[in-house]
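Per-entry structural report
Chain residues, written in single-letter form:
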Amino acid sequence: MKLGELKAGEKCKVISVGGAGELRIRLLDMGIIPGTTVQIMKYAPMGDPVEIRLRGYELTLRIADASIVEVEKITEESA
């Protein structure tokens, strides 16, 4: 599942960060690394960008950038 596919309020764990080059490095530098827990805070009114919370801060990503981040949804049972 991709990060941009989740609904507001849902939590997930980063599995991998795809892509190549500067975009991948930028996402890793911002703390989006495998094993990190991420919560979807909200989407902009037109659906792009998405605001996420990770490592104690909020980050806004374009949906295209979020689509290269592979995640695993965290459910109540697995929490």
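Conventions we followed
- Residues numbered from 1 in each chain as written.
- Predicted model: local features only at pLDDT ≥ 70, side-chain atom pairs only at ≥ 80, totals over all residues.
- Heavy atoms only, no water.
- Helix = DSSP H or I, 4+ residues; strand = E, 2+ residues; numbered from the N terminus.
- Rg over C-alpha atoms; globule rule 2.2 N^0.38 Å.
- Buried < 20%, exposed > 50% of the residue type's maximum accessible area, 1.4 Å probe, protein only.
- Lys, Arg positive; Asp, Glu negative; His and termini not counted.
- Charge placed at Lys NZ, Arg CZ, Asp CG, Glu CD.
- Core = buried A, V, L, I, M, F, W, Y, C linked by side-chain atoms within 4.5 Å.
- Contact = heavy atoms within 4.5 Å.
- Pairing = 2+ DSSP bridges.
- Axes fitted to C-alpha atoms, helices over the stretch in contact; angles between N-to-C directions.
- Salt bridge = Lys/Arg side-chain N within 4 Å of Asp/Glu carboxyl O.

**Quick notes on the overall build of the protein chain**
A tally of regular secondary structure across the protein chain gives two helices and five strands. Going from N to C terminus, the protein chain has its helices and strands arranged as β-α-β-β-β-α-β. In summary, the protein chain has a C-alpha radius of gyration of 12 Å against a globular reference of 12 Å for 79 residues, a match within 12%. With respect to the three principal axes, the spread of C-alpha positions in the protein chain is 35 × 30 × 25 Å. Scored against the burial criterion, the 79 residues of the protein chain give a buried share of 28%. Put simply, the protein chain has 11 plus and 12 minus side-chain charges, and the middle of one group is 2 Å from the middle of the other.

**Examining the nonpolar core**
Within the largest apolar cluster, 18 residues are counted, with the highest numbers of intra-cluster contacts made by Leu-3, Ile-32, Ile-52, Leu-61 and Val-69. Secondary-structure elements contributing two or more residues to this core are strand S1 (11–17), strand S2 (37–43), strand S3 (50–54), strand S4 (57–61) and strand S5 (69–74). Excluding its chain neighbours within four sequence positions, the residues that come into contact with Val-69 are Met-1, Lys-2, Leu-3, Val-14, Ser-16, Leu-27 and Ile-32.

**Some points on the sheet that holds S4**
In space, the five strands of this open sheet follow the order S4-S3-S2-S1-S5, with antiparallel pairing throughout. Where the open sheet ends on each side, the last strands, each with one partner, are S4 and S5. When the angles between neighbouring strand axes are averaged without regard to direction, this sheet yields 40°. Bridge count between S3 and S4: five bridges; the pairing is antiparallel.

**Some remarks on the pairing of S1**
Pairing between S1 and S2: three bridges, direction antiparallel. Across the sheet, residue Cys-12 finds its bridge partner in S2, namely Val-38. Across six bridges, the pairing between S1 and S5 is antiparallel. Of the residues in S5, the one forming a bridge with Cys-12 is Lys-73.

**Comments concerning the environment of Ala-64**
Here Ala-64 lies in helix H2 (residues 63–66). The sequence separation of Ala-64 and Asp-48 amounts to 16 residues, and the corresponding C-alpha distance is 8.9 Å.

**As for the pattern of salt bridges**
For the structure on display, the rule yields six salt bridges. Taking the shortest distance from any N to any O, the salt bridge between Asp-65 and Arg-26 comes out at 3.1 Å. With Asp-65 in helix H2 and Arg-26 in helix H1 (residues 21–29), the pair connects residues that are 39 residues apart, well separated along the chain. Note that Glu-51 is salt-bridged to Lys-42, the shortest N-O span being 4.0 Å. Judged by its relative accessible area of 21%, Glu-51 falls in the partly exposed class. Within this structure, Arg-26, Arg-62 and Asp-65 form a network of salt bridges that share partners.

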